[in-house]
Structures are given as C-alpha cells and as structure tokens.
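Analysis of the macromolecular model
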Amino acid sequence: MDTINPPPILLSLSELWRATAELSMLAFGRTSLQNTPKGDGHPVMTLPGYGGADGCMAPLRYFLQSRGYTTYGWELGRNIPPTRITSLEEMSTFQTEILERLYDKICNVHNETGQKVSLVGWSLGGNYANLLAQRHPNLIRQVITLGTPYGDPRGTAAWNVLKRLNRGTKSDESQDTEAWSTSSNGSREVPTTAIYSPVDGIVSPQIAKLSAANTSNIAVQSSHIGFAINRKVYRVIAEILAKPELYCSKE
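Since the model is a prediction, treat every value here as computed from it, not as a measurement.

This brings us to the overall build of the protein. The helix and strand inventory of the protein stands at nine helices and six strands. Here the analysis covers contacts within the protein between residues at least 6 apart in sequence; of these, 78% occur between residues at least 24 apart. Surface summary for the protein: the accessible area is close to 11700 Å², and the carbon and sulfur share equals 54%.

All right, on to the environment of Gln206 then. Mapped onto the elements of the fold, Gln206 is located in the loop between β5 (192-196) and β6 (215-219). On a C-alpha basis, the gap between Gln206 and Asn5 in space is 8.4 Å, while along the polypeptide they are 201 residues apart.

To continue, consider helix α2 (residues 15-28). Helix length check: α2 (14 residues) gives 20 Å between terminal C-alpha atoms against 20 Å at 1.5 Å per residue, within 8%. Within the sequence span of α2, burial applies to Glu15, Arg18, Ala19, Glu22 and Leu26. Projection of α2 onto a plane perpendicular to its axis shows the buried side chains occupying an angular sector of 100°, all on one side. Opposite the buried face of α2, by more than 90 degrees, sit the exposed residues Leu16, Trp17 and Phe28.

Another aspect to go through is the pairing of strand β1 (residues 43-47). Counting buried residues in β1 gives five out of five residues, a clear majority hidden from the surface. Burial along β1 is two-sided: Pro43, Met45 and Leu47 and Val44 and Thr46, pointing in opposite directions, are all buried. By the bridge criterion, three bridges tie β1 to strand β2 (residues 70-72) in an arrangement that is parallel. Residue pairing across strands places Met45 opposite Tyr72, the latter belonging to β2. Chirality of the crossover, the property in question, places the unit of β1, helix α3 (residues 58-66) and β2 among those that are right-handed. Direction of pairing for β1 relative to strand β3 (residues 117-122): parallel, over a ladder of four bridges.

Considering all chains together, one arrives at three salt bridges under this definition. Across the salt bridge formed by Arg141 and Asp40, the nearest N and O atoms sit 3.0 Å from each other. Of this pair, Arg141 sits in strand β4 (residues 140-146) while Asp40 sits in the loop between α2 and β1, and the two are 101 residues apart along the sequence.

Cut-offs applied
Residues numbered from 1 in each chain as written. Predicted model: local features only at pLDDT ≥ 70, side-chain atom pairs only at ≥ 80, totals over all residues. Heavy atoms only, no water. Helix = DSSP H or I, 4+ residues; strand = E, 2+ residues; numbered from the N terminus. Contact = heavy atoms within 4.5 Å. Areas by Shrake-Rupley, 256 points an atom, 1.4 Å probe, with all protein chains shown as cover. Expected span 1.5 Å × (residues − 1). Buried < 20%, exposed > 50% of the residue type's maximum accessible area, 1.4 Å probe, protein only. Arc of directions from axis to C-beta. Pairing = 2+ DSSP bridges. Right-handed = clockwise from strand over helix to strand, strands pointing away. Salt bridge = Lys/Arg side-chain N within 4 Å of Asp/Glu carboxyl O.

What follows is the structure in structure tokens.
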C-alpha cells in the first residue's frame, strides 16, 4: 500500500492568502464567466465542507442561478458534529445522521420539481454527495465534488489537527481508515466528477481522485478554502452541469 502523506506544510500555511486572492479574482472577473454554458434549469444542491454552512457556497449558488439552474442549500446548519469526535467510527455515525436528513431534503426537491437533483459537494460535503448518489441513483442526476478526501483521511492536513482538538486517544493504526474510503471504490450508476487541485493545502491530490467506472477527475489550480470561490472551478462546474441528462446517464 502506498504511503499517504498530507500536503506540504507551506501549501497549508498559504491557504488563507491564496483563497483571498481567488475571491478577488472572482469579484473582478465575473464578466469572464458570462460565456459559460447555460443550464436547463434542473435543481442543483450544494453541500458544504467540514465546519462550513450554506453561506460558504452562496456565491456558487448565485453563479449557478445566473446560468439558469434552480439552486438549493442543504439547510442543515454548520457541517460539524454536535459533540466531540474522537474516532472515525464516531465520524461515520455523524455522517449517517447527516445522510438521512439530506435524503429527506433531496426527496422533497425531487417531488417539488419532478427532476433528478445534481449535487455539488465541497470537501466532506462531497463524501455525502458520493454516498447519496450510490444509494439513491433514482434521485441524483450527477455529482461534482470539490477537493473531497475519498481516500485515507491521513492524507489531509486536518487529520492531526482534528485529533488534537478532539483529544482522541486512538492510534492511527487502530482507526478504520479502510472502511472510510470503501465508498470510493467500484463503479456507480450516477456520473461523478472529482475536481481536485494539485496545490490543495488541506487534502492531498492522492486521495481526492476516483478511478472507478463512470467517474472522471479534473485538475484545477485552487486552494482548498477557495474551491467554492474560484473562477476556474466555476467554469468547470458550469460545463459539467450543462451536459444533457441522457449524456450523463451513458457516460
């Protein structure tokens, strides 16, 4: 098994200023996105990363609305467990609860619109989107993930930080990392695109890609914090979402 390493410390430390630069480029370069493909109006739901809430992805939803989509936040508050998490098993329990609540919301959107829902998940939100699509392909049109840690979580810069913050006592060797990454294996019915960054300062590109059938990987230069405000990422998302559903189902 290959050694999984988190991103270099210098990339991690530069996350904030790089994201600030990406936000400035988005603000001053909005006109450059006006030639991105228009959508067919189908519903798109955004799922925030760990610690994030709907406000983090509001700029992306605003952009997608300008492309003609009907957008939805996840409306579940901040994506963070209500109690201390000290192991991957406890994190999986939290994830299960979130998935149940998201399933209900996606059912509501599906019933309201009569259409399948596309999911755009940032980081941990992408894990949710991936699992939901595999379990409920009748509800999900396609999945796009942004810097999502599909593989061994030790390939993230947040691994040791979270362990210290939550005062976990379990050793890395005793954590069930294989079970966490199992969902990234195997083919899937719903087309899934993993957008990753070679210069991500939080999630190693090594674990942010997929190799299963009906999946694709696209590299975009972005900080991890900046995925949801990066002009280049917006362009890629618009191009993917604009694909006809028939094309998506056969790709």
